[in-house]
Amino acid sequence: MRFMSFVTSAHAGPPTPELIEAMNKLADREIKAGRMVDMGGLTPVAMGAQVRIADGKLSVIDGPFVEAKEVIGGYAIMEFRNKEEAVASAVEFMQLHKDFMPEWEGTCEVRAFAGP
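Position numbers for residues count from 1 along each chain, tracking the sequence in the order it is written. Owing to the predicted nature of the model, reporting of local features is limited to residues with pLDDT of at least 70; listing and counting of side-chain atom pairs is limited to 80 or more, with chain, interface and lining totals taken over all residues. Hydrogens and waters are ignored; side-chain quantities use all the structure's heavy atoms.

By the naming in an unreviewed UniProt entry, the chain goes by YciI-related domain-containing protein and is assigned to Rhizobium gallicum. Here the chain is described in UniProt, under the heading Sequence similarities (unreviewed entry), as follows: "Belongs to the YciI family." UniProt positions are given in the numbering used here, feature names are shortened, and annotations may be inferred rather than shown by experiment.

Laid out in structure tokens, this is it:
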């Protein structure tokens with residue numbers, strides 16, 4: 001089954017070099033095992049755009065947007081046998097944050113892709 005995990009946080013700064021190194025090691029292991037399909041960090045919301053429909057009108061809004069409490073900072077697309085494996089992977093990933101940036105707070109949401 002294919003799963004997407006995405007990390008949300010109110011933390012505004014980049015990860016520490018130690019956390020980046022640990023995440024890269026984990027990613028290398030998952031790529032070699034054939035589980036990681038794609039992953040990446042996202043640029044700040046100020047560099048993005050939103051395409052929105054409101055009141056029947058379509059509009060494009062360049063960042064920065066109205067301040068959000070949390071933003072999506074990165075994602076991973078992985079292949080696992082089941083939800084339990086996907087959650088275990090997310091726990092391992094979040095443990096790296098706890099170990100290398102103890103002050104960091106955030107969430108990793110794990111969701112299966114719909115369909116085959």
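A. The pattern of salt bridges, seen in detail. Whenever a carboxyl oxygen of Asp or Glu lies within 4 Å of a side-chain nitrogen of Lys or Arg, that contact is scored as a salt bridge. Tallied over the entire structure, the rule returns 7 salt bridges. Glu 79 serves as the salt-bridge partner of Arg 2, at 2.8 Å between the closest nitrogen and oxygen. Linking Arg 2 in strand S1 (residues 2–9) with Glu 79 in strand S5 (residues 71–79), this pair joins segments that are 77 residues apart in sequence. Exposure is judged per residue with a 1.4 Å probe applied to protein chains only, and the accessible area is read against the type maximum: over 50% gives exposed, under 20% gives buried, and values in between give partly exposed. Owing to a relative accessible area of 28%, Glu 79 belongs among the partly exposed residues under this scheme. In this structure, the salt-bridge partner of Arg 111 is Glu 109, at a minimum N-O distance of 3.5 Å. Exposure remark for Glu 109: the relative accessible area of 33% places this residue in the partly exposed category. Three or more residues joined by partner-sharing salt bridges are found here, namely Arg 29, Glu 30, Arg 35 and Glu 92. Elements are defined by DSSP. Helices are runs of H or I of four residues or more, strands are runs of E of two residues or more, and each kind is numbered from the N terminus.

B. Just the nonpolar core, in detail. Counting residues in each nonpolar core, the largest one holds 11 residues, listed as Val 7, Leu 19, Ala 22, Met 23, Leu 26, Ala 90, Met 94, Leu 96, Met 101, Trp 104 and Cys 108. Residue assignment for this core shows that the elements contributing at least two residues are helix H1 (17–32) and helix H2 (83–100). For this core, the element with the most residues is H1, which contributes 4 residues. Residue contacts are defined here by distance: any two heavy atoms, one from each residue, within 4.5 Å place the two residues in contact. Ignoring sequence-local partners within four residues, the contact set of Leu 19 consists of Leu 96, His 97, Phe 100 and Met 101. Definition of nonpolar core: a set of buried residues of the types Ala, Val, Leu, Ile, Met, Phe, Trp, Tyr and Cys, connected through side-chain atoms within 4.5 Å. Counting 7 residues, the second largest nonpolar core, distinct from the first, contains Phe 3, Ala 27, Phe 80 and Ala 86.

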